[in-house]
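Spelled out, the chains give:
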Amino acid sequence: MKISKIVVASLFIVTVVFCGLAFAQQKPAAGAAPRQEYLGVMDIQLKPGMSLEWENYLKKDLLPAMKKSGMNQITTMKTNELGIDDYYTMFWPMAGLAELDGPNPLEKALGPDGLVVLLSNVQRCVAGSRNYIHRILPNHGIAPKPGYVYKMAVVATAIVAPGRTEEFENNAKAMLGVFAKTNAKAVHMTNVGLGGNPNEYRTLVAFDSFTDLQNFLPAYWKAMSEAKLSPATGIVLHMNMQAWEDVPELSIE
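Chemist: Could you clarify how one ought to interpret the side chain of Gln-242 in this entry?
Modeler: Checked against the element boundaries, Gln-242 lands in strand S8 (residues 236-246). The exposure class assigned to Gln-242 is buried, which follows from its relative accessible area of 10%. At 3.1 Å, the side chain of Gln-242 and the backbone nitrogen of Ile-84 are in polar contact. With residues up to four places along the chain from it excluded, the contact list for Gln-242 reads Thr-79, Leu-82, Gly-83, Ile-84, Tyr-87, Ala-153, Val-154 and Val-155.

Laid out in structure tokens, this is it:
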């Protein structure tokens, strides 16, 4: 199934791809090398005032069309109070770039006329979007407890200085000991690939609520002071943080 093709066609104006970040990781067989896993990711900026229409259209028309064309898993999140207004992200598991080859499954499911109607409605709501790949870093995360349901998260986006990605990943792995001493429900980390900046990393920290986040902060800073980690001066060029909420009614679980 060409999952990426489905989303590209559905959202029409895609220009280029963290929960497994909430997707569950499959364990390799004993003695086998870990299999690298990827996410297809789409960031979507809506036109002002179009969020209600977009969500209604996504639930009633777009997601059913995706299901009809064979898509069986996609997660949708949107900014939660703190971040860019009317901004959504959708992500789905990818097996590889071969998914981008072949005919458009949506056109096969809906027919040419049905696809034109679908895309025209999407174009009315969406101001811009970006489609790209994330490489999952399974050794840089903390899995949630079995059965945990994702509610909200803070996603930190870091732009790393050229030539210093290895240092950044080593520091990020050392940070897991800090997160383990807090009330964070899960931690997931990815590295942006084709379609974006390869020096960009995203770290998702899951919480149940903003109260949960507020209680996290003193524990985090206490654990940081006790950890005595190596200075990371000059490694990160830019950092951005946004709050997100999971939207299960706009997802295919």
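Chemist: Which parts of the structure should I look at to understand the pattern of salt bridges?
Modeler: Opposite charge on two side chains permits them to pair, given that their charged atoms come into close proximity. Overall, the coordinates contain ten salt bridges when judged by the stated rule. Between Lys-151 and Asp-208 there is a salt bridge, and its shortest N-O distance comes to 3.4 Å. In this pair, Lys-151 is assigned in the loop between strand S4 (126-136) and strand S5 (152-160) and Asp-208 in the loop between strand S7 (200-207) and helix H6 (210-227), connecting sequence segments 57 residues apart. Overall, Lys-151 belongs to the partly exposed group, its relative accessible area being 40%. As a salt-bridge pair, Glu-226 and Lys-181 come within 4.0 Å of each other at their nearest N and O atoms. Of this pair, Glu-226 sits in helix H6 while Lys-181 sits in the loop between helix H5 (176-179) and strand S6 (186-192), placing them 45 residues apart in sequence. Taking the relative accessible area as the measure of exposure, Glu-226 reaches 41% and is therefore partly exposed. Overall, Lys-181 belongs to the exposed group, its relative accessible area being 55%.

Chemist: It is not clear to me how the environment of Lys-78 should be interpreted in this structure. Could you clarify?
Modeler: Considering the arrangement of structural elements, one finds Lys-78 in strand S2 (residues 75-79). Filtering out sequence-adjacent residues up to four positions away, Lys-78 remains in contact with Glu-55, Tyr-87, Tyr-88, Ala-243, Trp-244, Glu-245 and Val-247.

Chemist: Would you take a moment to explain the nonpolar core for this structure?
Modeler: Note that soluble globular proteins tend to have their nonpolar side chains buried in a common cluster. Of all hydrophobic cores here, the largest spans 28 residues; its most connected members are Ile-44, Trp-54 and Leu-62. Within the residue set of this core, elements represented by two or more residues are strand S1 (38-46), helix H2 (51-68), strand S3 (87-94), helix H3 (105-125) and S4. In terms of residue count, the dominant contributor to this core is H2 (seven residues).

Chemist: Explanation requested: the environment of Asn-56 in the structure shown.
Modeler: Inspection of the secondary structure puts Asn-56 in helix H2. We classify Asn-56 as partly exposed; its relative accessible area is 36%. Note: C-alpha distance between Asn-56 and Leu-250 (194 residues apart in sequence) is 9.0 Å.

So, how was this worked out
- Residues numbered from 1 in each chain as written.
- Predicted model: local features only at pLDDT ≥ 70, side-chain atom pairs only at ≥ 80, totals over all residues.
- Heavy atoms only, no water.
- Helix = DSSP H or I, 4+ residues; strand = E, 2+ residues; numbered from the N terminus.
- Buried < 20%, exposed > 50% of the residue type's maximum accessible area, 1.4 Å probe, protein only.
- Polar contact = N/O pair within 3.5 Å; in protein donor to acceptor, adjacent residues only side chain to side chain.
- Contact = heavy atoms within 4.5 Å.
- Salt bridge = Lys/Arg side-chain N within 4 Å of Asp/Glu carboxyl O.
- Core = buried A, V, L, I, M, F, W, Y, C linked by side-chain atoms within 4.5 Å.

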